[in-house]
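Chains, contacts and geometry: an overview
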Amino acid sequence: MTPTQLDSKNPGSALAISGLSKVFNAGNPNEVTALSDVHLDVHTGEFISLIGPSGCGKSTLLRVIGDLTGFDSGSVQVSGKSPQDARKERLYGIAFQQAALFDWRTVTRNIELPLELAGWQRPQRQERSAELLDMVQLSEFAHHRPWELSGGMQQRVAIARSLAVDPPLLLMDEPFGALDEMTRERMQNELLKIRMETGKTIVFVTHSIPEAVYLSDRVVVMSPRPGRITAEIDVDLGDREEMTRESDHFFRCVTSVREALRAHGTSNSTSSSPGGEI
Amino acid sequence: MMNTKLGHVWPPILVATLFLGGWQLLVVVQDLKPFLLPAPSLIASEFSSGAAMMWGAAYYTATTAFLGLISGTVLGLITALLAQRFITVDKLVAPLAAGLATVPIIALTPILNNMFNITSRTPRVLVTAIIVLFPIFVNVTRGLIQVHATQLELMRSLNATPRTTLRVLRIPNAIPFFFTGLKIAAPLSVIAALVAEYFGGPQQGLGSRIASAAANTAYGRAWAYVLAAIITGLIFYLAIIALERLVTPRKAQVSTTT
Ligand SMILES: Nc1ncnc2c1ncn2[C@@H]1O[C@H](COP(=O)(O)OP(=O)(O)OP(=O)(O)O)[C@@H](O)[C@H]1O
Ligand SMILES: [Mg+2]
């Protein structure tokens with residue numbers, strides 16, 4: 001099943017945002033318009049990336065979707081529900097740039113945290129966490145503590161945790177930002193595999209143009225002050241394989257994203273991440 | 001394993017030997033009088049000849065200290081749990097702690113002695129408890145508050161109530177801070193229990209013995225009691241270290257699978 005097939009088969013709306021604005025410290029001298037008139041629609045099963053220079057509001061947008069912060073005007077619907085209801089019904093899982101694992105829990109018990117809070121019984125929890133550990137290929141580290149794991153492994157645990165209650169939507173804020181390029185490419189392939197297996201809708205924040213292009217069905221380009229969406233680039237790469245990253249089509253997509261980023265008067269210094277200048 | 005352990009033990013032993021040797025030499029060569037500075041050999045002989053007395057006095061004071069440590073710790077934990085609901089930023093903890101530290105708690109002893117039965121242990125336990133309360137309160141409150149913002153966001157994304165967040169995130173996060181507080185509080189409880197004895201009441205503790213030995217110009221014996229007090233404080237400290245090892249998982253303790 002390719003991502004595009006998923007799209008056409010399942011046209012439901014995972015995310016509908018219109019006219020969204022968000023102002024920090026309104027009325028104060030340090031007032032910041034983090035988001036201004038943002039429109040975004042995401043289909044069920046679609047993988048979109050948010051890209052843009054530092055401070056353009058990517059994390060803020062993700063936080064609004066996840067009801068981790070409020071917004072000032074516009075409307076946001078997650079699976080047809082308000083962000084607050086969606087959060088309360090655990091309709092999304094979230095992974096951050098820092099793995100944010102609990103040091104006092106083993107890997108398994110970190111993954112089981114969302115299940116515990118959702119009131120799952122112990123046998124079901126154990127069954128589910130074993131399944132997830134297998135999915136992120138960390139079964140042999142089940143009883144290790146987070147500090148014994150490498151950065152990439154910790155990030156995999158965090159991703160497994162975000163998948164625990166099997167939420168239809170996955171929010172990811174630069175989850176691979178701290179990884180070296182080799183690990184990063186491996187993690188990207190693993191994420192695509194998980195996506196294939198689970199059919200989740202994914203909103204992925206990144207600073208890396210190649211990463212955005214490689215992972216997504218659609219790259220959403222943002223620009224700062226005030227934060228808004230300036231371009232959306234459809235990526236139609238089909239099934240990702242060894243050669244995808246070296247195909248002409250891939251480079252054309254990378255180029256159009258880069259041009260979209262440049263077009264809006266931002267030097268985009270932050271997107272010169274590893275691999276960004278091949 | 002043995003080698004590394006001995007490697008840790010040798011330097012302090014060497015320093016202690018040099019220190020005591022130098023001290024003895026100074027007293028002998030300069031012919032210092034015991035009221036000025038008694039020789040280590042004199043203290044040692046007083047210590048061993050009065051061992052039963054030392055033990056009894058140390059036991060009395062240690063009991064006071066222990067009761068004060070337990071009750072002060074419980075009070076400190078309760079106040080920290082209450083405070084964490086109101087104090088949300090770490091900046092507020094430090095001035096509060098500094099303000100409380102300036103209260104001359106030990107000076108409360110005579111007042112407490114009047115409030116409670118002076119012949120009982122109660123006023124001393126109370127003073128010790130109040131002194132213990134502060135380091136526990138300050139450190140545990142820190143631990144409950146100093147939680148990573150991302151971890152808090154994670155808890156919110158999981159629709160956790162404040163109570164659940166306290167149980168699942170804040171309390172486990174505070175445990176290392178709690179032990180930091182205990183390591184300060186434990187030796188402090190011995191000092192508090194001892195000093196509280198200077199304000200009258202039962203006379204069988206270390207503080208009373210030091211005072212009466214000094215009053216009787218038995219300086220060697222006074223110093224021997226001081227030594228007993230130091231050892232008692234050290235035992236309290238080591239007991240906390242042992243408890244910490246027992247409770248918190250160490251990196252080395254986790255077995256590796258292949
Ligand atoms: N809690 C907050 N209080 C005040 N201003 C904030 C807050 N969070 C974000 N901002 C401001 O909102 C703007 C957008 O921030 P945001 O973190 O969403 O950017 P970003 O695109 O995620 O940047 P980066 O790529 O560096 O992570 C920035 O100008 C930031 O200073
Ligand atoms: Mg961000």
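Parameters and conventions
Residues numbered from 1 in each chain as written. Chains lettered and ligands numbered in written order. Predicted model: local features only at pLDDT ≥ 70, side-chain atom pairs only at ≥ 80, totals over all residues. Heavy atoms only, no water. Helix = DSSP H or I, 4+ residues; strand = E, 2+ residues; numbered from the N terminus. Rg over C-alpha atoms; globule rule 2.2 N^0.38 Å. Buried < 20%, exposed > 50% of the residue type's maximum accessible area, 1.4 Å probe, protein only. Contact = heavy atoms within 4.5 Å. Areas by Shrake-Rupley, 256 points an atom, 1.4 Å probe, with all protein chains shown as cover. Lys, Arg positive; Asp, Glu negative; His and termini not counted. Charge placed at Lys NZ, Arg CZ, Asp CG, Glu CD. Pairing = 2+ DSSP bridges. Axes fitted to C-alpha atoms, helices over the stretch in contact; angles between N-to-C directions. Salt bridge = Lys/Arg side-chain N within 4 Å of Asp/Glu carboxyl O. Near = heavy atom within 4 Å. Polar contact = N/O pair within 3.5 Å; in protein donor to acceptor, adjacent residues only side chain to side chain. Nonpolar A, V, L, I, M, F, W, Y, C, P; charged D, E, K, R; others polar. Expected span 1.5 Å × (residues − 1). Domains from an automatic or database assignment. Buried area = accessible area lost by both parts, 1.4 Å probe. Phe/Tyr/Trp six-rings, centres within 6.5 Å; stacked < 30°, edge-to-face > 60°. Lys NZ or Arg CZ within 6 Å of the ring centre and 35° of its normal.

A look at the overall build of chain A
If you tally the helices and strands in chain A, you get nine helices and nine strands. Its C-alpha radius of gyration of 18 Å places chain A within 12% of the 19 Å reference for a compact globule of 278 residues. The dimensions of chain A, computed from C-alpha atoms along their principal axes, are 55 × 45 × 40 Å. Each of the 278 residues in chain A was classed as buried or not, and the buried ones make up 56%. Sequence separation of 24 or more characterises 70% of the internal contacts of chain A that already satisfy a separation of 6 or more. Here chain A has roughly 11600 Å² of accessible surface; of this, 47% comes from carbon and sulfur atoms. Placing the 29 positive and 37 negative side-chain charges of chain A at their respective mean positions leaves the two points 5 Å apart.

Regarding the sheet that holds strand 7 (residues 201-205) of chain A
Residues and elements named next belong to chain A. With mixed pairing, six strands are arranged side by side in an open sheet as 5-6-7-3-8-9. Looking at the sheet topology across the chains shown, the edges are occupied by strand 5 (92-95) and strand 9 (228-234). Strand after strand, the sheet turns through a mean of 20 degrees between neighbouring axes, direction not considered. One ladder, built from six bridges, connects strand 8 (residues 218-223) with strand 9; its direction is antiparallel. Of the residues in strand 9, the one forming a bridge with serine 223 is arginine 228. Of the strands in this sheet, strand 3 (47-51), strand 6 (169-173), strand 7 and strand 8 touch helix 2 (residues 58-65), which is tilted by about 150 degrees from strand 6. Along the sheet face, helix 7 (residues 181-198) touches strand 3, strand 6 and strand 7 and points at about 160 degrees away from the line of strand 7.

Focus on the pattern of salt bridges
Charged atoms that come close allow side chains of opposite charge to pair. Residue and element names in this part refer to chain A. Under the defined criterion, the tally for this structure stands at 16 salt bridges over all chains. The closest approach of N and O atoms between arginine 87 and aspartate 67, which form a salt bridge, is 2.8 Å. Of this pair, arginine 87 sits in helix 3 (residues 83-88) while aspartate 67 is found in the loop between helix 2 and strand 4 (73-78), placing the two residues 20 residues apart along the sequence. With respect to burial, arginine 87 and aspartate 67 carry one shared label: buried.

Quick word on the site of ligand 1
All names here are of chain A. Close contacts around ligand 1 come from 13 residues, with Ser54, Lys58, Ser59, Thr60 and His207 the closest. A distance of 2.8 Å separates an oxygen atom of ligand 1 from a polar atom in the side chain of lysine 58. Measuring from an oxygen atom of ligand 1, one finds a side-chain N or O atom of serine 59 at 2.7 Å. Relative to its unbound accessible surface of 630 Å², ligand 1 loses 63% to contact with the protein. Elements supplying a minimum of two residues to the shell around ligand 1: strand 2 (32-43) and helix 2. Considering each element in turn, the shell around ligand 1 owes the most residues, three residues, to helix 2. When the residues that make up the shell around ligand 1 are grouped by side-chain class, the tally is four nonpolar, seven polar and two charged.

A closer look at helix 10 (residues 219-247) of chain B
Residues and elements named next belong to chain B. For helix 10, with 29 residues, the first-to-last C-alpha span of 42 Å sits near the 42 Å given by 1.5 Å per residue. Among all positions in helix 10, only Gly220, Ala222, Ala224, Tyr225, Ala228, Ala229, Thr232, Gly233, Phe236, Ile240 and Glu244 are buried. Where helix 10 is buried, its residues contact helix 2 (40-49), helix 3 (51-83), helix 8 (162-196) and helix 9 (206-215).

A short note on the sheet that holds strand 1 (residues 13-24) of chain A
All names here are of chain A. If you trace the three strands from one edge of the open sheet to the other, you get 2-1-4, paired in antiparallel fashion. The sheet terminates laterally at strand 2 and strand 4, the two strands that pair on one side only. The mean inter-strand angle of the sheet, taken between neighbouring strand axes irrespective of direction, is 20 degrees. In this structure, strand 1 lies alongside strand 2, joined through eight bridges in antiparallel fashion. Directly across from alanine 16, in strand 2, lies its bridge partner aspartate 41. Contacts from helix 2 reach strand 1, strand 2 and strand 4, with the element oriented near 120 degrees to strand 1.

Overview of helix 4 (residues 107-117) of chain A
Along helix 4 of chain A, ten of the eleven residues are buried, which leaves the element largely enclosed by surrounding structure. Taken together, the buried positions of helix 4 of chain A are A:Val107, A:Thr108, A:Asn110, A:Ile111, A:Glu112, A:Leu113, A:Pro114, A:Leu115, A:Glu116 and A:Leu117. The secondary structure elements touched by the buried residues of helix 4 of chain A are helix 5 (122-135) and helix 6 (151-163) of chain A together with helix 7 (149-157) and helix 8 of chain B. Phi turns positive one or two residues past the end of helix 4 of chain A, at A:Gly119, with a value near 80 degrees.

Notes on the domain arrangement of chain A
All names here are of chain A. Along its sequence, chain A is carved into domain 1 (10-91 + 168-278) and domain 2 (98-166). Here the C-alpha centre of domain 2 lies 25 Å away from the C-alpha centre of domain 1. A buried area of about 1200 Å², summed over both sides, lies between domain 1 and domain 2, and 64% of it is on carbon and sulfur atoms. In terms of surface lost to domain 2, no three residues of domain 1 exceed Arg90, Glu190 and Ile194, which account for 36% of the buried area on that side. Taken together, the connections running from domain 1 to domain 2 amount to two salt bridges.

What about the packing of aromatic side chains?
Aromatic rings considered in pairs are described by the distance between their centres and by the relative angle of their planes. For the structure shown, the criterion picks out nine aromatic pairs over all chains. Among the aromatic residues, ring-to-ring pairing joins A:Phe47, A:Phe176 and A:Phe204 into one connected group. It is B:Arg121 that lies over the ring of B:Tyr60; its NZ or CZ is 4.4 Å from the centre.

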